[in-house]
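Structural overview
Take a look at the letters that make up each chain.
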Amino acid sequence: MIGLISATAAGAAARDRLAAAWPGRTRVYGGPVGDAVRTAFAECDRLVCFLATGAVVRLVAPLLDDKRTDPGVVCVDEGGRFAVSLVGGHGGGANELARAVGEVLGAEPVVTTATDAVGLAGLDTLGLPVEGDVAGVSRALLDGEPVALRAEVAWPLPPLPVGAEGAYGIRLTDRTVEPSEGEVVLRPPSLVVGVGASRGAPVDEVLGLVEDALREAGLSAASVAELATVDAKAEEPGIVGAAERLGVPLVTYTADALAGVEVPNPSDAPLAAVGTPSVAEAAALVRGGELLVPKRKSAAVPAMATCAVVRRPGRGRLAVVGLGPGARDLVTPRARAELRRASVLVGLDQYVDQIRDLLRPGTRVLESGLGAEEERARTAVEEARRGQAVALIGSGDAGVYAMASPALAEASDDIDVVGVPGVTAALAAGAILGAPLGHDHVSISLSDLHTPWEVIERRVQAAAEADLVVTFYNPRSRGRDWQLPKALAILAGHREPSTPVGVVRNASRADESSRLSTLAALDPATVDMMTVVTVGNTATREIAGRMVTPRGYRWQEDPASRRSPAASSLTSGSGTSGSGTCASVKSASDKSEETL
């Protein structure tokens, strides 16, 4: 819960905007400010105080106990200009809260934590239990001193400027080791404990068995991700209680699912009781992994619980990221977040150059030139299979004539895949031209490097007959100069010569250019691979220098639509006998990465 405290009318107005933006996540504290801060500090995970920083410092100073448990505190000034992360930047979540407050209120987030200031991932913000010399190792990273990463378990981490050697170290392990001097130990959630229990098994017996098994195997309870069992035991108090006391979820599987898992120690007893020859081992192994602790029984007589421990390797993560058409302000916040999260970036060299400054220090960049799409896709998937957090980038939307298709064709269900949408060339061009995509439309690539021309021609013919607005990607290159004239000729068989055509080159980039032409007047020689061409349908018109396709056709029969000159220009020539407009936009966004 986020506590909101204000002292003035302006503060209350900003406070109420936050409360409206985050329903169910905030609680407003009224009354004397000092009392409100003290109460909110005790009851909430984070606080936003619409007060001067000096006032908040004096109020919260006596309340501070431990940065690992204190709530994060953000201050917002009277003018709503700044959201200052004051206390608990990492552990309390104040840094992220300051950014979130800034997005809602239009305030500038002020974050002074050293790692955040230079773009480093904070070791205490990775979402993993952390032990050891966090301050010392973080300082070494900031100062550029050699820091060694010793990964005993494959796990996707954000980028860190680490190497194989160094006086300082980061150790990624699920074993019960003590951090050495100048070392940080990170505990990945890599362990799954399968449990079985007789009806009425005491929680202390189940928990004691699990803790003994982990301790004797030299495994850390901090790395336990979940307890797993058969669904018939989903409400067994001893198992439920053990999961609660370990602070991990309880996951259950059907007896049929567990019966299909090959285990080293099957038994007739669970087969008779719940329908599977193994509960503990099968529940731990059902999703794969390495069996570290085979089935063992509790020490009680008679034994009422069993457990087994499996190390499940971290799943690599592949984010397929669309960068938009080129302008930095059209790179979405979600895309920026994925770029900062990835420890490995794979992409076309010219696209990497566009966003290199957005990457965190330590990001490994694998770039290549035009014509290597399949190689990039394979590389990205292979890196994810090694347990890395990977971002595969493409311009525009990565799913539109870009990298998502070849990557997903390579990927299987052994990695996590996330798609991040981007602004396409067609959308960027459409915004420049006016509203050419206001009704049904289709995008067609004229490149026959991957698609036979006979197939492309049939699609253009179908779009022409269906009276769809058409956006042509990859319209013309030095080696392909006849496809665009042929496609325009097909459309001309179904549309008037005056149909508007929009041409946009390098949409949203510094050298952007655009123009309106017509189906009869457009010279294909003026178009290249950096251009998208948008051809209107029979209803598309040029209005005040803009290309507009009406949202529907009812206006054709609505006398009221003829009351204004603009409406009149829309109705004239409607239907198959009406004039149309064609717009062409040239853009590097989401064009196919073929060799020019």
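In this text, all values refer to a predicted model and were calculated from it rather than measured experimentally.

Conventions we followed
- Residues numbered from 1 in each chain as written.
- Predicted model: local features only at pLDDT ≥ 70, side-chain atom pairs only at ≥ 80, totals over all residues.
- Heavy atoms only, no water.
- Core = buried A, V, L, I, M, F, W, Y, C linked by side-chain atoms within 4.5 Å.
- Buried < 20%, exposed > 50% of the residue type's maximum accessible area, 1.4 Å probe, protein only.
- Helix = DSSP H or I, 4+ residues; strand = E, 2+ residues; numbered from the N terminus.
- Pairing = 2+ DSSP bridges.
- Axes fitted to C-alpha atoms, helices over the stretch in contact; angles between N-to-C directions.
- Phe/Tyr/Trp six-rings, centres within 6.5 Å; stacked < 30°, edge-to-face > 60°.
- Lys NZ or Arg CZ within 6 Å of the ring centre and 35° of its normal.
- Polar contact = N/O pair within 3.5 Å; in protein donor to acceptor, adjacent residues only side chain to side chain.
- Contact = heavy atoms within 4.5 Å.
- Right-handed = clockwise from strand over helix to strand, strands pointing away.

**With respect to the nonpolar core**
Within the largest apolar cluster, 22 residues are counted, with the highest numbers of intra-cluster contacts made by Val193, Val195, Leu214, Val224, Leu227, Cys307 and Val309. Only strand E11 (191-197), helix H7 (203-216), strand E12 (224-230), helix H8 (237-246) and strand E15 (305-311) provide two or more residues apiece to this core. With 6 residues, the top contributor of residues to this core is H7. Within the second largest apolar cluster, 21 residues are counted, among which are Trp453, Ala487, Val503 and Val535.

**Observations concerning the sheet that holds strand E17 (residues 344-348)**
With parallel pairing, 5 strands are arranged side by side in an open sheet as E18-E17-E19-E16-E20. Single-partner strands in this sheet number two, and they are strand E18 (364-368) and strand E20 (416-420). Across this sheet, the average inter-strand angle for adjacent strands is 15°, counted without regard to direction. Relative to E20, strand E16 (residues 317-322) runs parallel, the two sharing 5 bridges.

**Notes on the sheet that holds strand E27 (residues 541-543)**
Taken together, 3 strands build an open sheet; the order of strands is E21-E28-E27 and the sheet is mixed. In the strand order of this sheet, the two ends are held by strand E21 (434-435) and E27, each with one partner. Where E21 lies against strand E28 (residues 546-548), 2 bridges are found, and the strand directions are parallel. Across the sheet, the residue bridging to glycine 434 is methionine 547, located in E28.

**As for the pairing of strand E24 (residues 500-505)**
Among the 6 residues that make up E24, 5 are buried, leaving the element largely enclosed by the rest of the structure. As paired elements, E24 and strand E26 (residues 531-535) share 3 bridges and run antiparallel to each other. The residue bridging valine 501 from the neighbouring strand is valine 535, located in E26.

**Quick notes on the packing of aromatic side chains**
Under the defined criterion, the tally for this structure stands at 2 aromatic pairs. An angle of 50° between the planes, with centres 4.7 Å apart, marks the rings of tyrosine 401 and tyrosine 473 as tilted. Highlighted residues: tyrosine 401 in the loop between strand E19 (389-394) and helix H15 (404-410) and tyrosine 473 in strand E23 (residues 469-473), separated in sequence by 72 residues. Residues tryptophan 453 and tryptophan 482 carry aromatic rings whose centres are separated by 5.0 Å and whose planes lie at 70° to one another, so their mutual orientation is edge-to-face. Of the two residues, tryptophan 453 is situated in helix H17 (residues 453-465) and tryptophan 482 in the loop between E23 and helix H18 (483-492); the sequence distance between them amounts to 29 residues. Judged by its relative accessible area of 43%, tryptophan 482 falls in the partly exposed class. It is arginine 25 that lies over the ring of tryptophan 22; its NZ or CZ is 4.8 Å from the centre.

**Describing the side chain of glutamate 183**
Mapped onto the secondary structure, glutamate 183 falls in strand E10 (residues 183-186). At a separation of 2.9 Å, a polar atom in the side chain of glutamate 183 contacts the main-chain amide nitrogen of serine 180. In this view, glutamate 183 contacts Glu131, Gly132, Asp133, Val137, Arg150, Gly169, Arg171 and Glu178; residues no more than four positions away in its chain are not counted.

**Some details on the pairing of E18**
Strand direction decides the pairing type here: E17 and E18, joined by 5 bridges, are parallel. Its bridge partner being in E18, leucine 348 is matched across the sheet by serine 368. Between E17 and its parallel partner E18, the chain crosses via helix H13 (residues 349-355), and the hand of that crossover is right-handed.

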